[in-house]
Amino acid sequence: MTESKKYDITIIGGGLAGLAASILLRDHGYRVALFEKEHYPFHKVCGEYISLESWGFLESIGLQLSTMQLPIIKQLVVSAPGGNCLQQALPFGGFGISRYLLDNELKKIAEGKGVAVYDGCKVDTVVYTNDELRLATQQGQFTSDICCGSFGKRSNLDIRLKRDFVSQKSNKLNNYIGVKYHVKAIQPADTIALHNFKDGYCGISKIEGDKYCLCYLTNAANLVNNNNSISEMERNVLYKNEHLKKIFTESEMLYSQPVTISQISFAKKTQVEDHILFLGDAAGMITPLCGNGMSMALHSSKIAVEFIHQFLQKKISRGEMEINYTKKWQQEFSGRLSIGRFIQSLFGKTWMTNLFVGAMKRLPAVTKKLIRSTHGDPF
């Protein structure tokens, strides 16, 4: 039998939450291994807008954002399928950066601090036994005292762990597909725009260089009803919003093919299961209409590390660590997630979206309050 490699903490998934947690834990002096099934750098489906609440945190873990000449985003535009537009200043603002750049820079920081990064390495199983977590991977067996699951929107491990959201019947919260392009476009550099169409919405905002992130979500039925063709769906569904038709037809696409993901769920999730602490989207995914999932992922890693450190210092028990993390996570994020789901419920049907956008134009104070309620304070 092959001997297992031993670490204090293993982290499954090398996105924002996993990378940030690995850096923080390494700063505490722990032996940390991080597993990512893809090879860095890589693209992933993401709106690539981060609330400024995360700026100080990212710089504190070693990312020199102030030297990267990133666009600062101060304005929000929301259009209804019928073309009606709402414009609103963002109360706190944000910045744009691609995941291709951001994740890879964080990975370099993690490795520079001594985190063992196993990229191109899929974790097949994770089992809690004899007060430790045992991982079976494509690169061998590993054990650790703590395991964090930061494996994104949906994973084979979610299925193996029989998490509740995986087995739910298809509904308006759990059967989405995501499609992302990088484009060159004529759009305001300080604005994030969310353009709605039947059963979906598309965001565009500037990232580094002269590129824009163009990313949309829609339900799986829209794709099925268009012969499972993304280009056909875009022409037949998205183009009915005049703003989207203009963006798609006048922008220069920088990918030969878009990046895609399926079976996205915004349903409620647990923060701990089988003694695995979930971070980022694995713990609970905020709807893209609220535009703040990346900040939430980063913040969740900071919260988890606080209690992991207490446990490894033998100041609290494993059960206390899990309970405290869940309580703190829900205190910080459950309200934002609920508001996000509520806002998403108002979009989808064309007539309802048209009505909602029209109403919000006449109620700017309400619009501002809704936006602020989905964003947190600097952490």
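This text goes with the structure placed above it.
Quick look at the structure, then. (Residues numbered from 1 in each chain as written. Predicted model: local features only at pLDDT ≥ 70, side-chain atom pairs only at ≥ 80, totals over all residues. Heavy atoms only, no water.)

### Digging into the pairing of strand β9 (residues 140-149)
- Along β9, seven of the ten residues are buried, which leaves the element largely enclosed by surrounding structure.
- Pairing between strand β1 (residues 5-12) and β9: seven bridges, direction parallel. Bridge pairing in β9 places Ile11 opposite Cys148.
- Alignment of strand β8 (residues 132-137) against β9, held across five bridges, turns out to be antiparallel. Residue pairing in the sheet places Ala136 in a bridge with Gln141 of β9.
- If you look at the hairpin formed by β8 and β9, you'll find two residues sitting between the two strands.
- Two strands pair when backbone bridges link them, and β9 and strand β17 (residues 276-278) are joined in this way by three bridges, in the parallel orientation. (Buried < 20%, exposed > 50% of the residue type's maximum accessible area, 1.4 Å probe, protein only. Helix = DSSP H or I, 4+ residues; strand = E, 2+ residues; numbered from the N terminus. Pairing = 2+ DSSP bridges.)

### Remarks on the packing of aromatic side chains
- One pass over the structure, following the stated rule, counts 13 aromatic pairs.
- With a centroid separation of 6.0 Å and an interplanar angle of 85 degrees, the aromatic rings of Tyr181 and Phe248 are classed as edge-to-face. In this pair, Tyr181 is assigned in strand β10 (residues 176-184) and Phe248 in helix α8 (residues 242-250), connecting sequence segments 67 residues apart.
- Residue classification places Tyr181 among the buried positions, given a relative accessible area of 7%.
- Members of the aromatic cluster, connected to one another through ring pairs, are Tyr181, Phe197, Tyr216, Tyr239 and Phe248.
- Looking at Arg163, its charged tip hangs above the ring of Phe278, at a distance of 3.7 Å from the centre. (Phe/Tyr/Trp six-rings, centres within 6.5 Å; stacked < 30°, edge-to-face > 60°. Lys NZ or Arg CZ within 6 Å of the ring centre and 35° of its normal.)

### Points about the nonpolar core
- Within the largest apolar cluster, 74 residues are counted, with the highest numbers of intra-cluster contacts made by Ile9, Leu58, Leu106, Leu135, Ile308 and Tyr325.
- Once residues lying within four places of it in the same chain are set aside, the contact partners of Ile9 are Leu25, Tyr30, Arg31, Val32, Ala33, Ser144, Ile146, Ile308 and Leu312.
- Ile177, Ala185, Phe197 and Ile204 belong to the second-largest nonpolar core, a separate cluster that totals 21 residues. (Core = buried A, V, L, I, M, F, W, Y, C linked by side-chain atoms within 4.5 Å. Contact = heavy atoms within 4.5 Å.)

### Some details on the environment of Gln271
- In this structure, Gln271 sits in the loop between β15 (259-264) and β16 (272-273).
- Its relative accessible area of 3% is what places Gln271 among the buried residues.
- Gln271 sits 58 residues away from Trp329 along the chain, and the two C-alpha atoms are 7.7 Å apart.
- A distance of 3.0 Å separates the side chain of Gln271 from the backbone oxygen of Lys269, its partner in a polar contact.
- Side chain to side chain, Gln271 and Gln330 meet in a polar contact 3.1 Å long. (Polar contact = N/O pair within 3.5 Å; in protein donor to acceptor, adjacent residues only side chain to side chain.)

### Focus: the packing of helix α1 (residues 16-27) against helix α3 (residues 99-113)
- Running from amino to carboxyl end, α1 crosses α3 at an angle of 20 degrees, the nearest separation of the two axes being 9 Å. In terms of axis orientation, α1 runs roughly parallel to α3. The interaxial crossing formed by α1 with α3 has left-handed handedness. Across from Leu16, Leu19, Ser22, Ile23, Arg26 and Asp27 in α1, the residues of α3 making contact are Arg99, Leu102, Asp103, Leu106, Lys107, Ile109, Ala110 and Lys113.
- Of the residues contributing to the contact of α1 with α3, the split by class is seven nonpolar, one polar and six charged. (Axes fitted to C-alpha atoms, helices over the stretch in contact; angles between N-to-C directions. Parallel < 35°, antiparallel > 145°, perpendicular 65-115°, else oblique. Left-handed = near helix turned anticlockwise from the far one by under 90°. Nonpolar A, V, L, I, M, F, W, Y, C, P; charged D, E, K, R; others polar.)

### Details of unusual backbone geometry
- Following Tyr40, the chain continues into Pro41 via a peptide bond in cis, with omega recorded as -10 degrees.
- In this structure, Pro41 sits in the loop between β2 (32-36) and β3 (49-51).
- With a phi close to 60 degrees, Glu48 is a non-glycine residue in the positive phi region.
- In this structure, Glu48 sits in the loop between β2 and β3.
- Taking relative accessible area as the criterion, Glu48 reaches 0% and is therefore assigned buried.
- Positive phi, close to 50 degrees, is recorded for Gln69, a residue that is not glycine.
- Examined against the element boundaries, Gln69 turns out to sit in the loop between α2 (55-60) and β4 (72-79).

### A look at the environment of Glu38
- Tracing the sequence through the fold places Glu38 in the loop between β2 and β3.
- Judged by its relative accessible area of 37%, Glu38 is partly exposed.

### So, the pairing of strand β6 (residues 116-119)
- Covered by surrounding structure in β6 are Ala116 and Tyr118 together with Val117 and Asp119, the residues of both alternating faces.
- In this structure, β2 lies alongside β6, joined through four bridges in parallel fashion. Each residue of the ladder has a partner; that of Leu34, found in β6, is Val117.

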